[in-house]
Structures are given as C-alpha cells and as structure tokens.
Amino acid sequence: MDNNELPRRRDREQKKVPQKAPLPYRIIAWTCLIMILFGLGYYGSGLIVRIFGKKLNVQQTISMEEQAQKFDEVNDFGTHIAEVTLFLPDNGSLSVVSYRIVPSIPEENVTSSVEKWLSLMAAKGLVDGNSRVLHVFRNGEILYLDMNAPFYSSLQKLDRERALLFMTALLRTVIDNFDPIKEVKFLIEGKDAVMTDPVDLSVTWRLAPKF
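Residues numbered from 1 in each chain as written. Predicted model: local features only at pLDDT ≥ 70, side-chain atom pairs only at ≥ 80, totals over all residues. Heavy atoms only, no water.

Draft legend 1. Region of interest: helix H3 (residues 106–123). When the terminal C-alpha atoms of H3 are compared, their 26 Å separation across 18 residues agrees well with the 26 Å that a helix rising 1.5 Å per residue should span. Residues of H3 that are buried include every one of Pro106, Asn109, Val110, Ser113, Val114, Trp117, Leu118 and Met121, and no others. Buried positions in H3, seen along its axis, are confined to an arc of 165° and lie on one side of it. Looking at the buried side of H3, the elements it contacts are strand E1 (83–90), strand E2 (93–100), strand E3 (133–139), strand E4 (142–147), helix H4 (149–156) and helix H5 (160–175). Gly125 sits one or two positions beyond H3 and adopts a positive phi of about 80°. (Helix = DSSP H or I, 4+ residues; strand = E, 2+ residues; numbered from the N terminus. Expected span 1.5 Å × (residues − 1). Buried < 20%, exposed > 50% of the residue type's maximum accessible area, 1.4 Å probe, protein only. Arc of directions from axis to C-beta. Contact = heavy atoms within 4.5 Å.)

Rendered as structure tokens:
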C-alpha cells in the first residue's frame, strides 16, 4: 500500500464535515420553531382553562345558590333576617305565618312586616282595612310605632281580653323578629297615644318575661 494515500483520504474526510447553515436561515428556523412552540402552549393553556373553568364556574354557581338559600343579611338591629314570623290571634291563642322579606334598612323592614301583619288582620276582620303604619323610628331598645286613626278605632271595638291578645300578637311580631327591640311606644298620627280602654296605650309596652 502506498503510504502517501492515507493522508489524502483523511484530508478528504475532514473536508466532508457538515458546514453550518447561513445565519439568516438559522434565524428563520429558530423563529419558526419558537412560533410553533408558542402556538402549542397557547392552545394547551386555553384547553386547560376551558376544562377547569367549567368546573370552577359550576362550583361558583353552586356556592352562589347556597348563599341565596341561606339568605343571611345583617342589618343595624344586629339580627339575620330571611323571613319574619307573623303572630296572629286565633281562637284565644296565637297562630304563626312565615313572611319572607328582602332586607333593607331596619325601619323599612319593620314597616313592611307590620303592614303585612295588618293585611292579614284585616282579612280576619280584626282591623279596619285602612289601617296603616305612618312612621317607625327607634331609640335604643324602644321602637316608636306611629299608626293612623283607623288602627286605633279598630282596637277600641274589641273587649279587653281580645285587645290584649291583639297587642300580644303585634308585640311578638315586632320584638321576636327585630333585635334589640324590647319595648314599643305607640303614637297616633304623630302624637302620643292617650287611649286607655280597652288597653292602656299611653305607656310603653313590652312582652311578659318568658320562664
């Protein structure tokens, strides 16, 4: 073998080493690759968001429905009101009716509840259908309830026993539902009530202690 041939073959093999592509082509290739990877990442993240987003939306909807069902609204009276229990005279005792309200300012809650109570009492023929709440305001534990003349005219037509049950029903409707009210002072069209028969409305009323 001719020793002069070996170096020449090595020279040819070294010359066959691949050359790098020109810089512009490499830049274009890398740019395309980055765009492909970015597109795949964007599509993948969007797919994940859609999958998990549906689950989150379902959970959020359930949570909102549960909150709506609980319907706990805190007002200035410090009580949570979803529905009000209305007490009504019924054959010598008291019956109850549940009445749902949308909580507003405390005075409006009391007014709407007493107005509802009056409508039910009117249906029973126990008060004049024109009986209305004129104003409601509170001072500490005392609620001032300003009623119109037809309300008091209706009360005066009752005997003492029925009038006391009438007053108990009204007091329990207000006091049992709206903390911290403990007493009710009655007014007649903006003035202190002076009626003393069949019940004395010139004084502040409160429920008898429960034992």
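Draft legend 2. Looking closely at the packing of aromatic side chains. Evaluated as defined, the whole model comprises four aromatic pairs. When the ring of Trp117 is compared with that of Phe166, the centres are 5.4 Å apart and the planes differ by 75°; the resulting orientation is edge-to-face. One end of the pair, Trp117, is in helix H3; the other, Phe166, is in helix H5, with 49 residues separating them in the sequence. Given the relative accessible area of 0%, Trp117 is considered buried. Phe166 sits in the buried class, given a relative accessible area of 1%. Considering the side-chain rings of Phe151 and Phe166, the 5.7 Å spacing of their centres and the 50° angle between planes classify their relative orientation as tilted. Note that Phe151 is positioned in helix H4 and Phe166 in helix H5, a separation of 15 residues in sequence. Ring pairs connect the aromatic residues Trp117, Phe151, Tyr152 and Phe166, which therefore count as one cluster. (Phe/Tyr/Trp six-rings, centres within 6.5 Å; stacked < 30°, edge-to-face > 60°.)

Draft legend 3. How the structure looks around the confidence of the model for the chain. Here the chain shows a mean pLDDT of 78. Residues at 70 or above account for 65%. Every residue in residues 1–15 is under pLDDT 50, and counting partners more than four places away or in other chains gives one contact. Considering only residues more than four positions removed or in separate chains, one finds that residues 52–72, a stretch of pLDDT under 50, has ten contacts. (pLDDT = per-residue confidence, 0-100.)

Draft legend 4. Structural view of the nonpolar core. Membership of the largest hydrophobic core comes to 39 residues, with the highest contact counts inside it found for Trp117, Leu155, Phe166, Phe186 and Leu201. Those elements that provide at least two residues to this core are E1, H3, E3, E4, H4, H5 and strand E5 (183–188). In this structure, Leu155 is in contact with Ala163, Phe166, Met167, Met195, Pro198, Val199 and Leu201, ignoring residues within four places of it in sequence. (Core = buried A, V, L, I, M, F, W, Y, C linked by side-chain atoms within 4.5 Å.)

Draft legend 5. Quick look at the pairing of E4. Where E3 lies against E4, six bridges are found, and the strand directions are antiparallel. Across the sheet, residue Val133 finds its bridge partner in E4, namely Met147. Counting the residues between successive antiparallel strands, the hairpin from E3 to E4 contains two residues, one of them, Gly140, with a positive phi of roughly 65°. By the bridge criterion, six bridges tie E4 to E5 in an arrangement that is parallel. If you follow Met147 over to E5, its bridge partner there is Ile188. (Pairing = 2+ DSSP bridges.)

Draft legend 6. A look at the packing of H3 against H5. Viewed as axis vectors pointing N to C, H3 and H5 meet at an angle of 150°, and their least axial separation amounts to 10 Å. One finds that H3 runs roughly antiparallel with respect to H5. In the packing of H3 onto H5, the handedness of the crossing is right-handed. From H3, Val114, Trp117 and Met121 reach across to H5, where they touch Phe166, Ala169, Leu170, Thr173 and Val174. (Axes fitted to C-alpha atoms, helices over the stretch in contact; angles between N-to-C directions. Parallel < 35°, antiparallel > 145°, perpendicular 65-115°, else oblique. Left-handed = near helix turned anticlockwise from the far one by under 90°.)

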